[in-house]
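# Results of the structural survey
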Amino acid sequence: MKKQFILIVALFLMVGMNAGAAVIDSIYYNLTHVYEAEVARDSTNTFSYSGDIVIPDTVYYKGVAYRVVTVGNSAFAGCEKLNSVTLPSSVQSINNAAFSKCTHLSRVTMGDNITAIGDNAFAGCTLLMGLKLPASLKKIGYRAFADCASLTVLTIPDGVTSIGQSAFRKCTDLRSVTLPKRLTMIDNDMFRECTALEQINIPQQVTTINPNAFRGCTSLKNISFGSKLVTVDDNAFRDCVALTAIELLDNINKVGVGAFQGCKKLKTITLGSAIESLFASAFGECTSLTDVFMQSDNIPKTDQNLFLGSSLTNATLHCRPALMEIYQKAKPWSDFSKHDSIAPVQ
């Protein structure tokens, strides 16, 4: 009798977990878990959503209630006539490519329990604007909002600890972004070619700015670096042509290949006391340089092409008096037209 009871319970659970697909109020769902539903991609590709969609927190199928917890992979992808979507508080994740290339989607209202936004979730939603991300959010995936050309202001909640590569690449109208306090890395290409972005404050916990993170942000004028930042990696700020001054704080020890290459209006560079490695063309093609301040008591390992293509004929290198003679004789520092001394930091 006991074995029969266990078998009956197991069969009941299996039926619940594999309830299958259903169309409920003109929306396609997978009823894939016990009393849970996923807004899903129509397997026959006959559905094309349009207008304004409101997803309920609970759907009913054959008399059974299912709680809507997920917007599944590619659920609304390519629905070019979709204008707005309202998600209930029951939804916990927006999966990969869920709304990708919904080119007329302008408004998404998210519930307050979403923890993850998947890869390419909103990529190519060129009219999406006024986005408010919920405080519950923890993770933003690869290219999640890439090519969202109408986003102008964005605040990423402090609970977010992971933002994927190219997450906001080519958000060309994005002027202002607030990054979460717990973020420890700015990943590859994260804000690449965000051509309207004017300033960025790097959170205090960030240790690395990865390659191409802000490359081609042609309106970027002000950067505030966090106190734990150690590495500015290859091409991180390449072709940020509006930058006029940068101050790399005392914790930063590496500036990668081409990190600030092509910053043609850059006049003043301050390198802190911890700097150890300066790679090729890190400050290449910076044709407006007037002053470089070296705060370190040691000469960093420096590629001779550090300033390749930059104009140093009117530039002054400011360094510690004890190192002046070495700088005057060593490439590329000897190429500066003037060398001046600065006092040690007290």
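Residues numbered from 1 in each chain as written. Predicted model: local features only at pLDDT ≥ 70, side-chain atom pairs only at ≥ 80, totals over all residues. Heavy atoms only, no water.

Turning next to the overall build of the chain. Of the regular secondary structure elements, the chain holds two helices and 27 strands. Relative to a compact globule of 346 residues, whose C-alpha radius of gyration would be 20 Å, the chain shows 26 Å and is clearly more extended. Looking at the chain as a whole, 48% of its 346 residues qualify as buried. Counted over contacts in the chain with a minimum sequence separation of 6, partners at least 24 positions apart contribute 33%. Of the roughly 16,000 Å² that the chain leaves accessible, carbon and sulfur atoms contribute 50%. One way to put it: in the chain the 31 positive side-chain charges average out to a point 3 Å from where the 29 negative ones average out. (Helix = DSSP H or I, 4+ residues; strand = E, 2+ residues; numbered from the N terminus. Rg over C-alpha atoms; globule rule 2.2 N^0.38 Å. Buried < 20%, exposed > 50% of the residue type's maximum accessible area, 1.4 Å probe, protein only. Contact = heavy atoms within 4.5 Å. Areas by Shrake-Rupley, 256 points an atom, 1.4 Å probe, with all protein chains shown as cover. Lys, Arg positive; Asp, Glu negative; His and termini not counted. Charge placed at Lys NZ, Arg CZ, Asp CG, Glu CD.)

In a beta sheet, neighbouring strands are held together by backbone hydrogen bonds and run either parallel or antiparallel to one another. If you walk across this open sheet you meet the five strands as β20-β22-β24-β26-β27, and the pairing is parallel. Because the sheet does not close on itself, it has two edges, and the strands there are β20 (245-248) and β27 (338-341). Averaged over all pairs of adjacent strands, the angle between their axes in this sheet comes to 10°, without regard to strand direction. Of the pairings in the sheet, the one linking strand β24 (residues 291-294) to strand β26 (residues 316-319) comprises three bridges and is parallel in character. Across the sheet, residue Phe293 finds its bridge partner in β26, namely His318. (Pairing = 2+ DSSP bridges. Axes fitted to C-alpha atoms, helices over the stretch in contact; angles between N-to-C directions.)

Further remarks concern the pairing of strand β7 (residues 81-86). Bridge analysis of strand β4 (residues 50-54) against β7 gives five bridges, and the strand direction is parallel. The partner of Ser50 across the bridge, within β7, is Lys81. Relative to strand β9 (residues 107-109), β7 runs parallel, the two sharing three bridges. Looking at β9, one finds that Ser84 is bridged to Arg107.

Here the focus is the pattern of salt bridges. The full count for this structure, using the stated rule, is eight salt bridges. As a salt-bridge pair, Arg169 and Glu193 come within 3.3 Å of each other at their nearest N and O atoms. With Arg169 in the loop between β13 (162-163) and β14 (176-178) and Glu193 in the loop between β15 (185-186) and β16 (199-201), this residue pair connects regions lying 24 residues apart in the sequence. Arg169 gets classed as partly exposed once you look at its relative accessible area, which sits at 22%. Given a relative accessible area of 26%, Glu193 falls into the partly exposed group. Its salt-bridge partner being Asp297, residue Arg320 comes within 2.9 Å of it at the nearest N-O pair. Of the two residues, Arg320 is situated in the loop between β26 and α2 (324-329) and Asp297 in the loop between β24 and β25 (301-302); the sequence distance between them amounts to 23 residues. (Salt bridge = Lys/Arg side-chain N within 4 Å of Asp/Glu carboxyl O.)

Let's shift gears to the side chain of Ser166. By the element assignment, Ser166 lies in the loop between β13 and β14. Relative accessible area serves as the criterion here: at 5%, Ser166 is assigned to the buried category.

The next thing to look at is the side chain of Asn210. Note that Asn210 resides in the loop between β17 (208-209) and β18 (222-224). When sequence neighbours within four positions are dropped, the list of residues in contact with Asn210 reads Met185, Ile186, Asp187, Asn188, Asp233 and Ala236.

To continue, consider unusual backbone geometry. With an omega dihedral of 0°, the bond running from Lys331 to Pro332 counts as a cis peptide bond. Phi at Asp189 takes a positive value of approximately 60°, unusual for a residue other than glycine. As for its placement among the helices and strands, Asp189 is situated in the loop between β15 and β16. In this model, Glu285 sits at a positive phi of 60°, which is unusual for a non-glycine residue. A residue is classified by how much of its surface remains accessible, and Glu285, at 31% relative accessible area, is partly exposed.

A separate point is the confidence of the model for the chain. Within the chain, residue pLDDT values average 92, and 93% of them lie at 70 or more. Note on residues 1-17: pLDDT is under 50 here. Beyond four places in sequence and across chains, it has nine contacts. (pLDDT = per-residue confidence, 0-100.)

Strand order across the open sheet formed by three strands is β4-β7-β9, with parallel pairing between neighbours. Looking along the sheet, the strands with just one partner apiece sit at the ends: β4 and β9. Ignoring which end each strand starts from, the neighbouring axes of this sheet average 20° apart.

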